[in-house]
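Residues per chain, in single letters:
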Amino acid sequence: ERVRLAGATPRFVSWVQGSARPEWRLDIDGLARAVTRRTRALFLMNPSMPSGGVLNEAEWGAVAAICREHDLWLLYNAAMERILYDGRPLVHPASLPGMRERTLIIGSVSKEYRMIGWRVGWVVGPAAALAEVGRVGLYNVVTPVGIGQPGALAALTDPDQAADVARATARWEGRRDTVMRALASYPVRAAAGGWSLLLDAGAMGLAARDAWAMLLEKGRVAATPMDAWGGEGSANWVRLVFSNERKIRLAELGDRFARVF
């Protein structure tokens, strides 16, 4: 909606099922088709939320090539960039050829640092662009409360912060694995990063909103229908967030789903 408020038109590009195993891959061909002479910027979050999809090196290379060819800004939401599973490497788009001068990095303490609701973030990028970013922020962003800014500073400057994020990521990976084992007989797509994954309600013959209501009423599972989160096909998916549930509770999902479906 912010894109529309700025007078621009968002065009959505899908994540699709990978061939090797049921995980997400960015539709690079679809991305190339979506770019026109009027395109000005490409917005990506990696890992993707809510899907948990993670771009690999080849996909990042294709994204960078499209940005260079069409002279696009890359708006990179990096709030979850270190929450990666199965030993995946962190590929930073600004490190790729020709991308440093066209990448705006958007960060936040809400995800990696678990400071949910503190609403402290930052933008890093070329100096020439940041004056305009600051102007927009001044008139469009709520000022963080007094405790939030020194709290964020403490988190960011803690000598143990990298190890702390790694420990949290290991916990989340274990929780993801618990969900995948509990729901092995259901059409769930594995998350390669982040802290949520998606159930394909459409593959079960259900709309996401119907599956969500059934899970809440019969299984006492709080999930989120994704029909307001994208374009075509979003009405098929239900999000399961595993970031703040213990494994012993997540292991109950199989029994709870069985009561519903």
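All residue numbers refer to positions counted from 1 along the written sequence of the respective chain. pLDDT decides what is reported in this predicted model: residues at 70 or higher carry local features, side-chain atom pairs at 80 or more are listed and counted, and totals for whole chains, interfaces and linings draw on all residues regardless. Side-chain measures here rest on the full set of heavy atoms in the structure, leaving out hydrogens and waters.

Peer 1: Give me the overall build of the protein: which residues, what numbers.
Peer 2: Starting at the N terminus, helices and strands are each numbered in turn, a helix being any DSSP run of H or I of at least four residues and a strand any DSSP run of E of at least two. Along the protein, the regular secondary structure elements total 9 helices and 10 strands. The reference for a compact globule is 2.2 Å times residues^0.38; the radius of gyration itself is calculated from the C-alpha atoms. Over its C-alpha trace the protein gives a radius of gyration of 19 Å, about what one expects of a compact globule, namely 18 Å for 261 residues. Principal-axis analysis of the C-alpha atoms places the extent of the protein at approximately 55 × 45 × 35 Å. Only protein chains enter the accessibility calculation, which uses a 1.4 Å probe; a residue whose area is less than 20% of its type maximum is buried, one above 50% is exposed, and one in between is partly exposed. When each of the 261 residues of the protein is scored for burial, the buried share is 42%.

Peer 1: Before we move on, can you summarise a nonpolar patch on the surface with the specific residues and values?
Peer 2: Excluding any residue in a salt bridge, patches collect residues exceeding 30% relative accessible area, merging like charges within 9 Å and nonpolar Val, Leu, Ile, Met, Phe, Trp and Tyr side chains within 5 Å. Each accessible area value is a Shrake-Rupley result obtained with a 1.4 Å probe; residue values ignore everything except the protein chains displayed when judging cover. Salt bridges, as used here, are contacts in which a Lys or Arg side-chain nitrogen is within 4 Å of a carboxyl oxygen on Asp or Glu. On the surface, Trp118, Val145 and Ile147 cluster together into a nonpolar patch covering about 300 Å² of accessible area. Note on placement: Val145 falls in the loop between α4 (127-140) and α5 (148-157).

Peer 1: Tell me about the packing of aromatic side chains, and please be specific about residues and values.
Peer 2: Stacked, tilted and edge-to-face are the three classes applied to pairs of Phe, Tyr and Trp rings, where Trp contributes its six-membered ring and a pair requires centres within 6.5 Å; stacked means planes under 30 degrees apart, edge-to-face means over 60, and tilted covers the rest. In total, this model carries 6 aromatic pairs according to the counting rule given. With centroids separated by 5.4 Å and ring planes inclined at 80 degrees, the aromatic side chains of Trp172 and Trp195 adopt a geometry described as edge-to-face. Separated by 23 residues along the polypeptide, Trp172 in helix α6 (residues 161-182) and Trp195 in the loop between β7 (188-189) and β8 (196-200) bring together distant segments of the chain. For the pair formed by Trp172 and Trp195, the shared burial category is buried. Of note, Arg189 hangs over the ring of Trp24, and the distance from its end group to the ring centre comes to 4.1 Å. Across from the ring centre of Trp212, 5.6 Å away, lies the NZ or CZ of Arg209, which sits over that ring. In this scheme, the term charge over a ring applies when either NZ of a lysine or CZ of an arginine sits within 6 Å of the ring centre and within 35 degrees of the ring normal.

Peer 1: Talk me through unusual backbone geometry; I want residue IDs and the actual numbers.
Peer 2: Between Asn46 and Pro47 the backbone carries a cis peptide bond, its omega angle lying at -5 degrees. Following the sequence through the fold, Pro47 ends up in the loop between β3 (41-45) and α3 (57-70). Put simply, Met49 and Pro50 share a cis peptide bond, and its omega is 20 degrees. Looking at the element boundaries, Pro50 is found in the loop between β3 and α3. In this structure, Arg114 takes a positive phi of about 60 degrees despite not being glycine. With respect to the helices and strands, the residue Arg114 is situated in the loop between β5 (103-108) and β6 (121-124). For Arg114, a relative accessible area of 30% translates into the label partly exposed. Positive phi is not limited to glycine here, since Arg220 has a value of about 55 degrees. Inspection of the secondary structure puts Arg220 in the loop between α7 (208-219) and β9 (224-225). Judged by relative accessible area, Arg220 falls into the exposed class, the value being 58%.

Peer 1: Now, about the nonpolar core: what can you tell me, with residues and values included?
Peer 2: By nonpolar core is meant a set of buried Ala, Val, Leu, Ile, Met, Phe, Trp, Tyr and Cys residues that side-chain atoms within 4.5 Å join together. Leu183, Phe242, Leu253 and Phe257 are the most contacted members of the largest nonpolar core, which totals 28 residues. Mapped by element, the contributors of at least two residues to this core are α6, β8, α7, β10 (237-241) and α9 (253-260). Per-element tally for this core: the top contributor is α6, with 4 residues. In this view, Leu253 contacts Val179, Ala182, Leu183 and Val221; residues no more than four positions away in its chain are not counted. One finds Leu31, Ala64, Leu72 and Ala94 within the second-largest nonpolar core, a separate group that totals 24 residues. Note on contacts: a residue pair is in contact if any heavy atoms of the two residues lie within 4.5 Å.

Peer 1: Any details on the side chain of Arg256? Residues and values, ideally.
Peer 2: Tracing the sequence through the fold places Arg256 in helix α9. Arg256 sits in the buried class, given a relative accessible area of 18%. Within polar-contact distance, the side chain of Arg256 engages the side chain of Glu252 at 3.0 Å. What Arg256 contacts, discounting residues up to four positions off in sequence, is Gly219, Arg220, Val221 and Arg249. By the criterion applied in these results, polar contacts are pairs of N or O atoms within 3.5 Å in which, for protein atoms, one can donate a hydrogen and the other can accept it, and in which residues neighboring in sequence qualify only through two side-chain atoms.

Peer 1: Before we move on, can you summarise the pattern of salt bridges with the specific residues and values?
Peer 2: Applying the stated criterion across every chain yields a total of 16 salt bridges. Two residues, Glu252 and Arg256, come together in a salt bridge whose shortest N-O distance is 3.0 Å. A relative accessible area of 31% places Glu252 in the partly exposed class. Where salt bridges share partners, they join Glu23, Arg25, Glu59, Asp86, Arg88, Glu173, Arg176 and Asp177 into one cluster.

Peer 1: Give a description of the sheet that holds β10 that names residues and reports values.
Peer 2: Sheets are built from strands paired through backbone hydrogen bonds, the pairs being either parallel or antiparallel. In this analysis, strands are considered paired if DSSP registers two or more bridges between them. The antiparallel open sheet is built from 4 strands, whose spatial order is β7-β8-β10-β9. Whereas interior strands pair on both sides, the edge strands pair on one side only; in this sheet they are β7 and β9.

Peer 1: Explain the environment of Phe257 residue by residue, including any values.
Peer 2: Position of Phe257 relative to the elements: it lies in helix α9. When the C-alpha atoms of Phe257 and Glu132 are compared, they prove to be 49 Å apart, with 125 residues separating the residues in sequence. Excluding its chain neighbours within four sequence positions, the residues that come into contact with Phe257 are Leu183, Tyr186, Leu199, Leu215 and Leu240.

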